[in-house]
Amino acid sequence: DGGITQSPKYLFRKEGQNVTLSCEQNLNHDAMYWYRQDPGQGLRLIYYSQIVNDFQKGDIAEGYSVSREKKESFPLTVTSAQKNPTAFYLCASSTYQGDTQYFGPGTRLTVL
Amino acid sequence: AQSVAQPEDQVNVAEGNPLTVKCTYSVSGNPYLFWYVQYPNRGLQFLLKYITGDNLVKGSYGFEAEFNKSQTSFHLKKPSALVSDSALYFCAVRPYNFNKFYFGSGTKLNVKP
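Note that the structure is predicted; figures quoted are calculated from it, not measured.

Asks: In this structure, what is going on with the pairing of strand β1 (residues 4–7) of chain A? I would like to understand it.
Replies: Every regular strand shows the same layout, with side chains that alternate between the two sheet faces. Residue and element names in this part refer to chain A. Judged by which residues are buried, β1 turns out to be one-sided: I4 and Q6 face inward and are buried, whereas T5 and S7, on the alternate face, are not. Bridging between β1 and strand β3 (residues 19–25) involves four bridges; their strand directions are antiparallel. Bridging from a neighbouring strand, Q6 pairs with C23 of β3.

Asks: Please clarify how the packing of aromatic side chains should be interpreted in this entry.
Replies: Two descriptors summarise a pair of aromatic rings, namely the distance from one centre to the other and the angle between the planes of the rings. All names here are of chain A. Throughout the structure, instances matching the rule amount to 16 aromatic pairs over all chains. Aromatic pair Y33 and Y35: ring centres 6.3 Å apart, planes at 20 degrees, arrangement stacked. On the basis of relative accessible area, Y33 is assigned to the buried category, the value being 0%. Taking relative accessible area as the criterion, Y35 reaches 1% and is therefore assigned buried.

Asks: Looking at this model, I keep getting lost on the environment of Y102(A). Mind explaining?
Replies: Residue and element names in this part refer to chain A. Within the secondary structure, Y102 is located in strand β10 (residues 102–103). Between the C-alpha atoms of Y102 and Y10, which are 92 residues apart in sequence, the distance is 20 Å. Among residues more than four places away in sequence, those in contact with Y102 are I4, L27, H29, C91, A92 and S93.

Asks: Can you walk me through the pairing of β3(A) in this structure?
Replies: Residues and elements named next belong to chain A. Burial of the side chains of β3 is restricted to one face: V19, L21, C23 and Q25 are buried, whereas none of T20, S22 and E24 on the reverse face is. Relative to strand β8 (residues 76–78), β3 runs antiparallel, the two sharing three bridges. Paired with L21 across the two strands is L76, which belongs to β8.

Asks: Can you walk me through the sheet that holds strand β7 (residues 64–66) of chain A in this structure?
Replies: To summarise the sheet geometry, strands pair through backbone hydrogen bonds and adopt either a parallel or an antiparallel arrangement. Residues and elements named next belong to chain A. Pairing in this open sheet of four strands is antiparallel, and the strands run β1-β3-β8-β7 from one edge to the other. Since the sheet does not close on itself, it has two edges, and those belong to β1 and β7, each with one partner. On average, each strand axis in the sheet is inclined to that of its neighbour by 20 degrees, with strand direction left out of account. Judged from the three bridges that link them, β7 and β8 form a sheet pairing that is antiparallel. Along β8, the bridge assignment pairs S65 with T77.

Asks: Would you take a moment to explain unusual backbone geometry for this structure?
Replies: Note: most peptide bonds trans; most residues except glycine with negative phi. Backbone torsion omega between S7(A) and P8(A) reads -5 degrees, so that peptide bond is classified as cis. Structurally, P8(A) can be placed in the loop between β1 and β2 (10–13). Notably, N53(A) is not glycine yet its phi reads approximately 65 degrees, a positive angle. When its relative accessible area of 63% is taken as the criterion, N53(A) is described as exposed. In this model, Y61(B) sits at a positive phi of 60 degrees, which is unusual for a non-glycine residue.

Asks: Hey, could you run me through the nonpolar core in this one?
Replies: A general tendency of soluble globular proteins is for nonpolar side chains to be buried together. With 28 residues, the main nonpolar core has W35(B), L47(B), L48(B), F74(B), L76(B) and Y89(B) as its most contacted residues. Counting only elements with at least two residues in this core, the list comes to β2 (10–14), β3 (19–21), β5 (32–38), β6 (44–50), β8 (64–68), β9 (73–78), β10 (87–94) and β12 (107–112) of chain B. If one sorts the elements of this core by residue count, β10(B) sits on top with four residues. With 19 residues, the next largest nonpolar core counts I4(A), Y47(A), A61(A) and L76(A) among its residues.

What counts as what
In this numbering scheme, every chain counts its residues from 1 along its sequence in written order. Naming scheme: in the order in which they are written, chains are lettered from A and ligands are numbered from 1. Since the coordinates come from a predicted model, pLDDT governs what is reported: local features require at least 70, and pairs of side-chain atoms require 80 or more to be given and counted, while whole-chain, interface and lining totals use all residues. Working from all heavy atoms in the structure, the side-chain values ignore hydrogens and water. Relative accessibility decides the category of a residue: with a 1.4 Å probe and only protein chains considered, values under 20% of the type maximum give buried, values over 50% give exposed, and everything between is partly exposed. Numbering of helices and strands starts at the N terminus; helices are DSSP runs of H or I of at least 4 residues and strands are runs of E of at least 2. Any two strands are treated as partners once DSSP identifies two or more bridges connecting them. The rule is short: rings of Phe, Tyr and Trp, with Trp giving its six-membered ring, pair when the centres are within 6.5 Å, and they are stacked under 30 degrees, edge-to-face over 60, tilted in between. By definition, residues are in contact when any of their heavy atoms lie within 4.5 Å. For helices, the axis comes from a line fit to the C-alpha atoms of the stretch in contact; other axes are also lines fit to C-alpha atoms, and the angle between any two N-to-C directions lies between 0 and 180 degrees. Here the nonpolar core consists of buried residues drawn from Ala, Val, Leu, Ile, Met, Phe, Trp, Tyr and Cys, with membership extended through side-chain atoms lying within 4.5 Å.

Listed below in structure tokens is the structure:
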């Protein structure tokens, strides 16, 4: 988990509310990623960014939005359009060459 | 299409016995291959990787993995399992020419005393 921080660790949201999950890295990595993990499931890619001010949709981008204004930060917004947002969210980063991907500790989002 | 398969949802092994967690992949070109471990409510921790070279790769905590190009497999192994190895293990693949990672569905390893 070293070098990548995610906050908060636990987040509760009412239906219809947007929430933003924070991801910060001090590894000087160019690429950053957001994944969603459901119980007993693998990782599904939401969005990824190779460089500042650029990002691409992953496999399940609907209902989510991101920004990449700074190299070290890649916040994820879960919008009210996301039908089933309760999940464990993982942020990761890698060098531009993608030699290894490193993960943050995760944020568990629960919709009440 | 790129894909990674971990055919076993769960592997049970007795402490002290060898363990194997299987992974096969379908990726174009020469891929980069990775193994990660996840403990409950934690992020993924990097264990080892194969980029090129020797087919047997050694990693953290006594784990190793064997790359088999003809079988497109990258099985994780450990000669003697510990109870503390019990966790969720993920295999991942990255195409050599594209910075996107593909993950398997995970295998839960249970090591019993």
